[in-house]
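Coordinate inspection notes
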Amino acid sequence: MSNSAPALPEMPHNALPREIAPGVFWLGECSPVHYAGKWLHTYNSAFMVVGEKFAAMVETGIPSVGNVVIAQVERILEERGVPLKYIFVTHSEMSHCGSVGRLLRRYPEAHTYGEISDLHLVYPGFEDRIHFCEPGETSDLGGREILTVESVFRDLIHSRWFLDTKERVLFPGDGFAYSHVHDDKECGLFAEEAPKVDIPTQMQRFATLAFHWTGYVDIEPYVQRLDDLFVELGVEVVAPTHGLPIRDAKNSMPIFREGFRGMSDIHATELDIEIYDI
Amino acid sequence: MNTFALVEGEHVLVYSTGYSAHREALLAHLRKIVGQRTVSVAIPRPEWASMCNARAIADEFHKNFDQQFVVHQRLINPPHLLLDFDADSVGASSVLAGCQLRMLSSTTRTLVDPNGERGLDFIVPELRLLPTNWAYDSATKTLFTGDAFCWVWKDEETGPWLVDAPETDPTTLERVAHSLSAGRYWWLEGAATQSIRVAIARLFENYEVRFIAPDHGAVIAGEAVSRHVGYLDEYLRLAARNPSIGIEAGQWKTSKMRASA
C-alpha cells in the first residue's frame with residue numbers, strides 16, 4: 001500500500017540509565033526516526049536528580065518509552081531510598097510529558113511543575129497536582145535545588161528550563177536538539193564521546209523537522225542570550241531532551257553555537273518534500 | 001476543541017481526536033454517527049490535541065476499526081505504544097497493536113473511505129510551529145488548519161461555533177494578533193513573514209475554501225473565510241515591522257500572561 005510506514009530497524013541494547021553527573025541520571029532510550037530515506041536515532045529523554053531528601057524528574061519522555069522510563073525510575077528510587085516529589089516538564093508536548101499521568105498515579109505525593117498549559121486536558125483528574133512555575137523559583141531536594149530558568153530557545157512560548165544547582169546541570173528541553181546516525185553506535189554517549197556526530201548538520205535537520213520558526217528569525221540574539229545565560233548560571237553540563245548530553249559545556253559550546261546559527265539557514269519548504277514524502 | 005468526522009458511504013474517518021478530558025462526549029457523538037460503518041483515525045499532527053482519544057476510538061469501535069491507521073510521519077513509533085499514556089493504563093491496546101501505519105503525504109491523495117473515491121489533500125503549511133499537516137476535503141471544500149485560525153472563541157459554551165456573517169463574528173485584527181503573538185506563534189513578531197504571506201495567498205487561490213476547520217475555536221464559514229484570511233495576512237504584514245519578542249518572552253511569567261488573556 002502506498003505511504004506505508006517503513007519497517008523499524010533493530011535497535012541496539014539500551015545504554016540507559018546513565019549517571020551523567022553525581023546524582024543526575026539520564027533515562028529513556030533511543031527512538032528511530034526516518035529522515036530522507038535514512039534511519040536516525042533521537043532521544044526524548046527523561047532525567048532524574050536525586051537529593052538528600054527528595055528526588056525530582058526533569059521531563060518524562062515520549063509515551064512509547066513510558067514503560068522503560070518508569071522501570072528506570074523505580075529502580076533508582078529504590079537504590080537511593082528517597083521519594084519522588086517533583087516532576088518538572090519544560091513544556092506540555094507529548095515527547096516531554098508522555099509519562100506524567102502514569103507517574104502521578106504511581107507516586108501520589110509527587111506534583112508536576114513547568115509549562116503545563118494543556119496537561120489538565122490530557123490528564124484529567126490531576127488538575128490539583130499540575131502547576132505552572134516561573135523563572136527564579138527554586139525547589140529543594142536536600143543538598144541541592146532545582147532552579148526554574150528562562151527558556152532561551154523554545155517552541156511553546158512559556159517553556160521553562162531547569163538547573164540543578166549542585167552540579168550546574170542545565171536541562172534546556174528543546175534546546176541543543178540533534179540526532180545521531182543509526183549505524184554509528186553513539187547511543188548513550190556524551191557529545192564529547194561521539195566525534196562522528198556532525199552536530200551542526202544534525203541540529204539543522206532537527207530544526208527542519210521540529211523548529212520551523214528558526215528559518216524566519218534572526219537567530220543571533222538567541223545565541224548571544226544563550227552565551228550570557230551560561231555564564232550567569234555557571235553551567236557545567238547540558239542535558240538536552242533530544243540530544244546527547246554535553247559534559248563540558250564551556251569547551252563544547254562553539255560547535256553548538258555553529259549549530260544554532262545553522263538553524264536559521266533552513267529552507268524548510270524544499271526540505272519538507274524529502275521529509276514528508278518518504 | 002474540535003474533532004471532525006468525515007462520513008463517506010459506509011466509512012467514518014475521524015480527523016484529529018481531541019483531548020482526554022472530552023473523551024466521553026466525543027465517543028457519545030461518534031456512537032451516533034458510526035453505527036455499522038467502519039472507522040479509521042487520522043492524526044495530522046503529533047501533539048496531544050490530535051492524539052489523545054485515538055486509542056479510545058480504536059478500542060470503542062474495535063469490531064469495525066479499519067486497520068489502516070493514518071498518521072503524521074513523526075508518529076512512526078508503534079501506535080499501540082505511542083498512544084498508551086493514560087494514567088490508569090492497564091497495557092497497550094490490542095486493536096492498535098494490529099494496525100498498519102499509513103503515512104500522510106502531500107503528494108498522494110489520502111482516501112476518506114479506503115474503498116471509495118473521496119480524497120483528502122494533505123498540505124505542509126508554511127505557517128506552522130511543529131510538524132503539522134493541513135488537509136483539504138474537496139467534497140465539502142473544507143480546509144482543516146490544525147493550530148492555525150484558532151482565534152474565534154466565544155464567551156458562552158453554546159457558541160455559535162460556526163461564524164459566517166460579521167454580526168456572529170467577534171473577531172478583530174487585535175484578537176488575531178493577540179492569539180498568535182501570545183501563543184504558539186510568538187516568533188512571528190519581527191520575523192520575515194513575506195514568504196508565509198505568499199504561501200497562504202497561493203493556497204487560498206489554489207483551493208476553493210468554503211469552511212476553515214481549525215482544531216480550536218469556531219469553524220469559519222462562507223463570507224467569513226476571506227475576512228479571516230485577510231486578518232491573517234494583515235497581521236503577518238504588521239508583525240514583520242515589530243521588534244522580536246523572542247528573548248523577553250522566555251522570561252515572562254505565566255501568571256501575568258494568563259491575567260491579560
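Quick look at the structure, then. Values in this document were obtained by computation on a predicted structure and should not be read as measured data. (Residues numbered from 1 in each chain as written. Chains lettered and ligands numbered in written order. Predicted model: local features only at pLDDT ≥ 70, side-chain atom pairs only at ≥ 80, totals over all residues. Heavy atoms only, no water.)

**Remarks on the overall build of chain B**
Counting secondary structure elements, chain B contains 10 helices and 12 strands. Its C-alpha radius of gyration of 19 Å places chain B within 12% of the 18 Å reference for a compact globule of 261 residues. The 261 residues of chain B split such that 57% are buried. Carbon and sulfur atoms form 51% of the exposed surface of chain B, whose accessible area is close to 10,500 Å². Measuring between centres, the 25 positive side-chain charges of chain B sit 3 Å from its 31 negative side-chain charges. (Helix = DSSP H or I, 4+ residues; strand = E, 2+ residues; numbered from the N terminus. Rg over C-alpha atoms; globule rule 2.2 N^0.38 Å. Buried < 20%, exposed > 50% of the residue type's maximum accessible area, 1.4 Å probe, protein only. Areas by Shrake-Rupley, 256 points an atom, 1.4 Å probe, with all protein chains shown as cover. Lys, Arg positive; Asp, Glu negative; His and termini not counted. Charge placed at Lys NZ, Arg CZ, Asp CG, Glu CD.)

**Brief notes about the pattern of salt bridges**
Residues and elements named next belong to chain B. For the structure shown, the criterion picks out 30 salt bridges over all chains. In this structure, Arg184 and Glu47 form a salt bridge, with 2.7 Å as the shortest nitrogen-oxygen distance. On the criterion of sequence distance, the pair formed by Arg184 in the loop between helix H6 (173-181) and helix H7 (194-206) and Glu47 in the loop between strand E3 (38-43) and helix H2 (48-51) is long-range, its members being 137 residues apart. For Glu47, a relative accessible area of 7% corresponds to the buried category. Connected through shared salt-bridge partners, Arg45, Glu47, Asp147, Arg184 and Asp215 make up one network. (Salt bridge = Lys/Arg side-chain N within 4 Å of Asp/Glu carboxyl O.)

**With respect to the sheet that holds strand E10 (residues 162-163) of chain B**
All names here are of chain B. Taken together, seven strands build an open sheet; the order of strands is E6-E7-E8-E9-E11-E12-E10 and the sheet is mixed. One side of each edge strand has no neighbouring strand; the edge strands of this open sheet are strand E6 (110-111) and E10. Pairing of strand E7 (residues 119-123) with strand E8 (residues 134-137), which is carried by four bridges, proceeds in the antiparallel orientation. Looking at the pairing, Phe122 lines up with Ala135 of E8. In this fold helix H8 (residues 223-239) packs onto E10, strand E11 (211-214) and strand E12 (219-221), with an angle of close to 110 degrees to the strand it touches most, E12. (Pairing = 2+ DSSP bridges. Contact = heavy atoms within 4.5 Å. Axes fitted to C-alpha atoms, helices over the stretch in contact; angles between N-to-C directions.)

**Structural notes on the nonpolar core**
Residues and elements named next belong to chain B. By size, the foremost hydrophobic cluster in this structure holds 106 residues, and its most contacted members are Phe149, Trp187 and Phe204. Broken down by element, the residue count for this core peaks at eight residues, all from H8. Non-local contacts of Phe149, meaning those with residues more than four positions away in its chain, are made with Trp134, Phe204, Ile212, Pro214, His216, Ile220, His228, Val229 and Leu232. (Core = buried A, V, L, I, M, F, W, Y, C linked by side-chain atoms within 4.5 Å.)

**Observations concerning the environment of Ser138(B)**
All names here are of chain B. By the secondary structure assignment, Ser138 is in the loop between E8 and strand E9 (142-146). Overall, the relative accessible area of 30% leaves Ser138 in the partly exposed class. Those residues in contact with Ser138, other than ones at most four positions away along the chain, are Arg109 and Gly119.

**Some words on H6(B)**
What H6(B) keeps buried is the set Arg175(B), Val176(B), Ala177(B), Leu180(B) and Ser181(B). Residues of H6(B) that are buried sit in contact with H8 of chain B.

**A short note on the interface of chain B and chain A**
Tallying the contact residues gives 62 residues for chain B and 59 residues for chain A. For the pair chain B and chain A, the summed buried surface comes to about 5,200 Å²; carbon and sulfur atoms form 59% of the total. Where chain B packs against chain A, one counts one salt bridge. A salt bridge links Arg105(A) to Asp88(B); its shortest N-O distance comes to 2.5 Å. Joining chain B to chain A, the criterion identifies 15 residue pairs in polar contact (both at pLDDT 80 or more). (Buried area = accessible area lost by both parts, 1.4 Å probe. Polar contact = N/O pair within 3.5 Å; in protein donor to acceptor, adjacent residues only side chain to side chain.)

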